Structure formats: C-alpha cells, structure tokens
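# An overview of the molecular structure
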Amino acid sequence: MEAKEASQYSSIIVPSVQEMVKEKLTTTVPLRYVRSDLDKGDIDGDLRTEIPIIDMNLLCSLTSMDAEIHKLDLACKDWGWGFFQASFLDKLKTEIQDFSNLPMEEKKKLWQQPNDVEGFGHAFVVSEEQKLDWSDMFLLVMQPVQLRKPHLFPKLPLPFRDTLDTYSAEVKSIAKILLAKMASALMIKPEEMEKLFDDELRQSMRINYYPTCPDPDQVIGLPPHSDSTGLTILLQVNEVDGLQIKKNGKCVPVKPLPNSFIVNVGDVLEIITNGAYRSVEHRGVVNSEKDRLSVAAFHNLGMGKEVGPVRSLVERQKAAFFKSVTIEEYFKGLFSRKLDGKAYLDVMRI
Ligand SMILES: O=C(O)CCC(=O)C(=O)O
Ligand SMILES: [Fe+2]
C-alpha cells in the first residue's frame, strides 16, 4: 500500500545528458536545453559573503552547546544553510563516481519505470514541451528500509550498495540531531519535532550528475528551487564548483569544502517552523571542462504525517502562516509541477 502510493509520483522519461555528451551526439546545445527563459542571476563575487560553518563536535558537546546552537539558529534564519565538519567520505565519493560511470547497458537496468520517479532519469518533467536540465539523476528512497524498491536497491553493485546503506543510516542520525537542536533553538517542544521525524521519517538520496556542456551559459544544470523536504544534507562529491545559492537577490557560489556537508533547510521545515526558518533558493550550474557530481540526502516526514506549523509555535505566535495538509497531498501537488523557485511554498501559504 505504502510502496504503491510512493510510486504514484513520476516524471516523463528524458534522454541521458551524460550519454549525449559521451557519445558526442551533440557538439552544440539542443534547443530543448537552451534556457533563455531563465534569468542568469547576478553573481555575488564578494568574498566577505561567507556561508556559516557549524562545527558538529561543538554542537554536540554539552559545554559550548549554547554558542553553537545560536550559530545554527542564525544560519537557519538567515541563510537556510550551513556547513559542519565530518569525517572524509573518500570511499563513498569514489564509489559514487564509479556508479555514475557504469556502462549504459548496466544503467538501463536501473532506469525509471513508468509511474515511478525512482531510478536513473530525471524528476519534475511534466510535459513534452518543457525545457530540460543539463543533468542526469539517480533517485532512491533509502529510509525507512521497508520502502526500498526491490528492483533497485538490491540490484546496486557491491560494495556501493553497502556503503550507501551505511551512509544513509549516518546522515539520518545527523539529520535527527540537527532537527532536535533546531527545535531547541526555536523553543519547539522536543516531542513535537521527534514525533514528526520519528523512525518512519523518509530519506531519499539523489545523485546528480552534471556533464560538461559545450555552451554552459545557455543551459542550467538544475534550475533555481528550494528543496521540498525537511532537511537536506548535501555532499559535493568531486569538489567541482557549480552550486549557487540565492542571498539578497544575488547568486552566491558555494565552494566545495573538504570534510564538510551542506545542510539545507527545506520547504517542509519552513512550514513546520511557521516561517521562522527559511528554505533557500539554490541552483546547479555547469561548465565546459569538468563533470560534476553531488549527492543529496533529503529527510522528510513519513507516510500519514501532517505538514503544518507545529502547535507550540502557532500558540506563541497566535497565527499559522501555512496550511496543514498530509504529506501525501503535499507530494502529489509537488510532483505535478515543474521546479519553480519557491513557488510551491506559496501554494501552502495562508
Ligand atoms: O548539485 C548540487 O549541488 C545541488 C543539488 C540539489 O540542489 C538537489 O539535488 O536538490
Ligand atoms: Fe536542491
């Protein structure tokens, strides 16, 4: 029942950009990828625009907890983003690279099926006329484990399958720690947050592959969007630039830092915190020299949970700024649209 519901979300099957570039099927950009519809954005070249770095060790130690929670709190209010230190994930990175370079006949076995968004392919393609992104993705629901698709997860090559399994459990526990600290900073009752992100919490992994492009200014790797999740933990796999976030109307490039993740407040957390924390718009740009890889772990509410501002905040602020809907309704609406900045959040606004 649950797995069936999950597979109702789908996206129109599109060509693999990686294949197109590798097979030299194109030396110019096909029209469907030319994004004259998008604003190129003003790049913020000011080196003082520094993304806050949160130290996970400090955050979790009792003595200096207050200062680091305050930093985390400010980062979420002001940016929707932050970094924290973590052990270096060499093995995972190498295995993701190898996985992305599997021969096409192997990848085809893991391709999206009709009426399902999981597997290799793309998401948010809802019409044959729609412009396409200069990227390929591989999407997989990892948690709760009973929602792993039998035709996908068990078919992943070893040792990548085991590495991804371990990574999944680790980032899930990091996400839970961060959510608990955020609840504490906002004076949300701990049990309210715990109940929302309990053992049923859904974690999806999205591996993004951005091939080189003969004319990078004409295309977009991933259009401006905010993540439609609670919390995203993003790893820039091969340390190639390409991620940009929007801050005060300008695009700020996010340099990949070794030993760090990017933590991203998603729309669902903005709703839950009644707007106290803001999801941030970001995009992926490509270049003509180096392929780029990233892996995003999205953490969301489990089946049957309600997305809406938590009671303790609504009581204190005496108003709810967002509607409450079931997570199923929320996703049905989301996947029937193309990615468009923070537009879907406005649909939820009261
Ligand atoms: O590739 C990146 O750095 C960003 C990926 C992203 O925004 C996403 O998967 O939602
Ligand atoms: Fe994103």
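Quick note: structure is the one above.
Structural notes, computed from the coordinates. (Residues numbered from 1 in each chain as written. Chains lettered and ligands numbered in written order. Predicted model: local features only at pLDDT ≥ 70, side-chain atom pairs only at ≥ 80, totals over all residues. Heavy atoms only, no water.)

### Examining the coordination of the iron ion (ligand 2)
Ideal geometry at a metal gives 109.5 degrees between four tetrahedral donors and either 90 or 180 degrees between six octahedral ones. Our working definition: The donor set covers N, O and S atoms within 2.8 Å of the metal, switching to 3.2 Å for Na, K and Ca, and it leaves out water, so a site may look short of donors. The way it works is that DSSP assigns letters per residue, a run of H or I at least four long becomes a helix, a run of E at least two long becomes a strand, and they are numbered from the N terminus. Buried, partly exposed and exposed residues are distinguished by accessible area as a fraction of the type maximum, computed with a 1.4 Å probe on protein chains only: under 20%, between the cut-offs, and over 50%, respectively.
Protein coordination of the iron ion (ligand 2) is provided by His225 (NE2), Asp227 (OD) and His282 (NE2), with donor distances spanning 2.1 to 2.2 Å. Sequence positions of the donors to the iron ion (ligand 2) reduce to the motif H-x1-D-x54-H. Of the two residues, His225 is situated in strand S7 (residues 222–225) and His282 in strand S12 (residues 282–284); the sequence distance between them amounts to 57 residues. Residue classification places His225 among the buried residues on the basis of a relative accessible area of 6%.

### Observations concerning the sheet that holds strand S10 (residues 250–253)
Note the threshold: When DSSP finds two or more bridges between a pair of strands, those strands are recorded as paired.
The mixed open sheet is built from five strands, whose spatial order is S1-S10-S9-S12-S7. The sheet terminates laterally at strand S1 (42–43) and S7, the two strands that pair on one side only. The sheet contact formed by strand S9 (residues 243–247) and S10 spans four bridges and is antiparallel. Counted as the bridge partner of Lys247 is Lys250 from S10.

### A word on the nonpolar core
Note the threshold: We define the nonpolar core as a collection of buried residues of types Ala, Val, Leu, Ile, Met, Phe, Trp, Tyr and Cys that are connected through side-chain atoms lying within 4.5 Å of one another. When checking whether two residues touch, look at their non-hydrogen atoms; a contact exists if any pair is within 4.5 Å.
One finds Phe99, Leu156 and Tyr330 to be the most contacted residues of the largest nonpolar core, which totals 76 residues. A per-element tally of this core places helix H7 (residues 160–185) first, with ten residues. In this structure Tyr330 touches Ser228, Asp267, Val268, Ile271, Val307, Val325, Tyr344 and Met348, once residues within four positions along its chain are discounted. Among the nonpolar cores identified, the runner-up in size contains 14 residues, and Val125, Leu132, Tyr210 and Leu222 belong to it.

### Structural notes on the site of ligand 1
For the record, the criterion: Any residue with a heavy atom lying within 4 Å of a molecule or strand is counted as near it. The Shrake-Rupley method, run with a 1.4 Å probe sphere, supplies the accessible areas, and residue values consider only the shown protein chains as cover. For this classification, the nonpolar set comprises Ala, Val, Leu, Ile, Met, Phe, Trp, Tyr, Cys and Pro, the charged set comprises Asp, Glu, Lys and Arg, and every other residue, Gly included, is treated as polar.
Lining the immediate surroundings of ligand 1 are 13 residues, of which Asn208, Tyr210, His282, Arg292 and Ser294 lie closest. Here ligand 1 has 300 Å² of accessible area as a free molecule, and 97% of this is covered by the chains. Only strand S6 (202–210), S7 and strand S13 (292–300) provide two or more residues apiece to the shell around ligand 1. Of the residues belonging to the shell around ligand 1, the class tally is six nonpolar, four polar and three charged.

### Topic: the packing of aromatic side chains
As a reminder, the rule being used: Only Phe, Tyr and Trp rings take part, Trp by its six-membered ring, and two of them pair if their centres are within 6.5 Å. Stacked means planes under 30 degrees apart, edge-to-face means over 60, and tilted covers everything else. Note on criteria: charge over ring means Lys NZ or Arg CZ within 6 Å of the ring centre, with the direction from the centre no more than 35 degrees off the ring normal.
Enumeration over the complete set of coordinates arrives at nine aromatic pairs. Centroid distance Tyr167 to Phe261: 6.3 Å. Interplanar angle 35 degrees. Geometry classified as tilted. Of this pair, Tyr167 sits in helix H7 while Phe261 sits in strand S11 (residues 260–265), and the two are 94 residues apart along the sequence. Look at Phe261 and you get buried, because its relative accessible area is 4%. Between Tyr330 and Tyr344, the aromatic rings sit 5.1 Å apart at their centres with planes inclined by 55 degrees, giving tilted as the arrangement. Here the residue Tyr330 occupies a position in helix H11 (residues 327–335), and Tyr344 occupies one in helix H12 (residues 343–348), the gap between them amounting to 14 residues. We classify Tyr330 as buried; its relative accessible area is 1%. On the basis of relative accessibility, which here comes to 10%, the residue Tyr344 falls in the buried class. Directly above the aromatic system of Trp111 lies the positively charged group of Lys108, at a separation of 4.5 Å from the ring centroid. The ring of Phe153 carries the charged tip of Arg148 above its face, separated from the ring centre by 4.4 Å.

These values are about where atoms sit, not about what they do.
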